[in-house]
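Structural overview
Read off the chains here:
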Amino acid sequence: MSPWTRHLKNIDKGCPKPLTSASPPSEEQLINKIFNRYDTNGDGHLSWEELKSAYNILGMSFPGLRALKALCVADENRDGYISKKEFIKLTRKNYSK
(Lines give C-alpha, C1' and ligand atoms only; values in the text may rest on other atoms or scores of the structure.)
Protein backbone atom coordinates (compact mmCIF):
# COMPACT_ATOMS: atom_id res chain seq x y z
CA MET A 1 0.00 0.00 0.00
CA SER A 2 1.44 3.37 -0.99
CA PRO A 3 1.57 6.21 1.54
CA TRP A 4 -0.89 8.17 -0.61
CA THR A 5 -3.54 5.47 -0.49
CA ARG A 6 -3.34 5.28 3.28
CA HIS A 7 -4.12 9.02 3.58
CA LEU A 8 -7.00 8.90 1.07
CA LYS A 9 -8.95 6.48 3.25
CA ASN A 10 -9.38 9.15 5.93
CA ILE A 11 -9.94 12.13 3.65
CA ASP A 12 -13.50 12.75 4.92
CA LYS A 13 -12.48 13.15 8.56
CA GLY A 14 -11.09 16.67 8.06
CA CYS A 15 -13.93 17.91 5.84
CA PRO A 16 -16.87 19.83 7.27
CA LYS A 17 -20.26 18.20 7.18
CA PRO A 18 -22.45 19.23 4.24
CA LEU A 19 -24.94 21.96 4.96
CA THR A 20 -28.48 20.82 5.50
CA SER A 21 -31.19 22.54 3.55
CA ALA A 22 -32.36 25.15 6.04
CA SER A 23 -35.23 27.44 5.27
CA PRO A 24 -34.19 30.86 3.95
CA PRO A 25 -34.25 33.73 6.43
CA SER A 26 -37.50 35.64 6.75
CA GLU A 27 -37.89 39.23 5.58
CA GLU A 28 -37.80 40.45 9.18
CA GLN A 29 -34.60 38.51 9.88
CA LEU A 30 -32.95 40.08 6.84
CA ILE A 31 -34.05 43.59 7.83
CA ASN A 32 -32.76 43.05 11.39
CA LYS A 33 -29.45 41.77 10.05
CA ILE A 34 -29.01 44.86 7.87
CA PHE A 35 -29.99 47.18 10.72
CA ASN A 36 -27.60 45.50 13.15
CA ARG A 37 -24.74 45.63 10.64
CA TYR A 38 -24.81 49.43 10.61
CA ASP A 39 -25.83 49.99 14.26
CA THR A 40 -22.16 49.96 15.22
CA ASN A 41 -22.60 50.91 18.87
CA GLY A 42 -25.48 48.46 19.37
CA ASP A 43 -27.88 50.95 20.96
CA GLY A 44 -30.82 49.99 18.74
CA HIS A 45 -30.80 53.29 16.85
CA LEU A 46 -29.05 54.56 13.72
CA SER A 47 -27.41 57.93 14.27
CA TRP A 48 -26.38 60.38 11.56
CA GLU A 49 -22.79 59.14 11.90
CA GLU A 50 -23.84 55.49 11.51
CA LEU A 51 -26.01 56.32 8.51
CA LYS A 52 -23.21 58.32 6.93
CA SER A 53 -20.83 55.41 7.46
CA ALA A 54 -23.37 52.97 5.96
CA TYR A 55 -23.78 55.10 2.83
CA ASN A 56 -20.01 55.45 2.59
CA ILE A 57 -19.52 51.67 2.88
CA LEU A 58 -22.12 51.18 0.15
CA GLY A 59 -20.13 53.52 -2.10
CA MET A 60 -22.81 56.18 -2.36
CA SER A 61 -21.91 59.75 -3.27
CA PHE A 62 -22.50 62.48 -0.68
CA PRO A 63 -23.01 60.11 2.26
CA GLY A 64 -23.51 62.95 4.75
CA LEU A 65 -26.35 64.49 2.77
CA ARG A 66 -27.94 61.10 2.17
CA ALA A 67 -27.79 60.38 5.91
CA LEU A 68 -29.46 63.70 6.66
CA LYS A 69 -32.21 63.00 4.12
CA ALA A 70 -32.73 59.51 5.57
CA LEU A 71 -33.19 61.03 9.03
CA CYS A 72 -35.68 63.56 7.68
CA VAL A 73 -37.72 60.83 5.99
CA ALA A 74 -37.56 58.01 8.54
CA ASP A 75 -37.22 59.68 11.95
CA GLU A 76 -40.91 59.91 12.83
CA ASN A 77 -40.50 61.01 16.46
CA ARG A 78 -37.78 63.57 15.59
CA ASP A 79 -35.31 62.38 18.22
CA GLY A 80 -32.41 62.52 15.74
CA TYR A 81 -32.13 58.74 15.35
CA ILE A 82 -33.77 56.01 13.31
CA SER A 83 -35.03 53.29 15.63
CA LYS A 84 -35.29 49.69 14.55
CA LYS A 85 -39.08 50.09 14.42
CA GLU A 86 -38.77 53.15 12.16
CA PHE A 87 -36.23 51.33 9.97
CA ILE A 88 -38.47 48.29 9.55
CA LYS A 89 -41.46 50.49 8.72
CA LEU A 90 -39.46 52.49 6.16
CA THR A 91 -37.97 49.37 4.58
CA ARG A 92 -41.31 47.62 4.26
CA LYS A 93 -42.94 50.73 2.84
CA ASN A 94 -40.23 51.29 0.22
CA TYR A 95 -39.43 47.71 -0.72
CA SER A 96 -42.68 45.82 -0.34
CA LYS A 97 -43.55 43.45 -3.14
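Higher on the page you've got the structure.
Computed from a prediction, not measured in an experiment: that's the story for all the values here. (Residues numbered from 1 in each chain as written. Predicted model: local features only at pLDDT ≥ 70, side-chain atom pairs only at ≥ 80, totals over all residues. Heavy atoms only, no water.)

Observations regarding the overall build of the protein
Broken down by element type, the protein carries five helices and two strands. Its helices and strands taken in sequence order, the protein reads α-α-β-α-α-β-α from the N to the C terminus. Residues classed as buried in the protein amount to 23% of the 97 residues present. Sequence-distant contacts in the protein: of pairs separated by 6 or more residues, those separated by 24 or more amount to 38%. (Helix = DSSP H or I, 4+ residues; strand = E, 2+ residues; numbered from the N terminus. Buried < 20%, exposed > 50% of the residue type's maximum accessible area, 1.4 Å probe, protein only. Contact = heavy atoms within 4.5 Å.)

Observations regarding unusual backbone geometry
Not every positive phi belongs to a glycine, and Phe62 is a case in point at roughly 50 degrees. Relative to the helices and strands, Phe62 resides in the loop between helix H3 (48–57) and helix H4 (63–74). Judged by relative accessible area, Phe62 falls into the exposed class, the value being 62%. A positive phi angle is found at Arg78, which is not glycine, with a value near 55 degrees. When you line up the elements, Arg78 lands in the loop between H4 and strand S2 (82–83).

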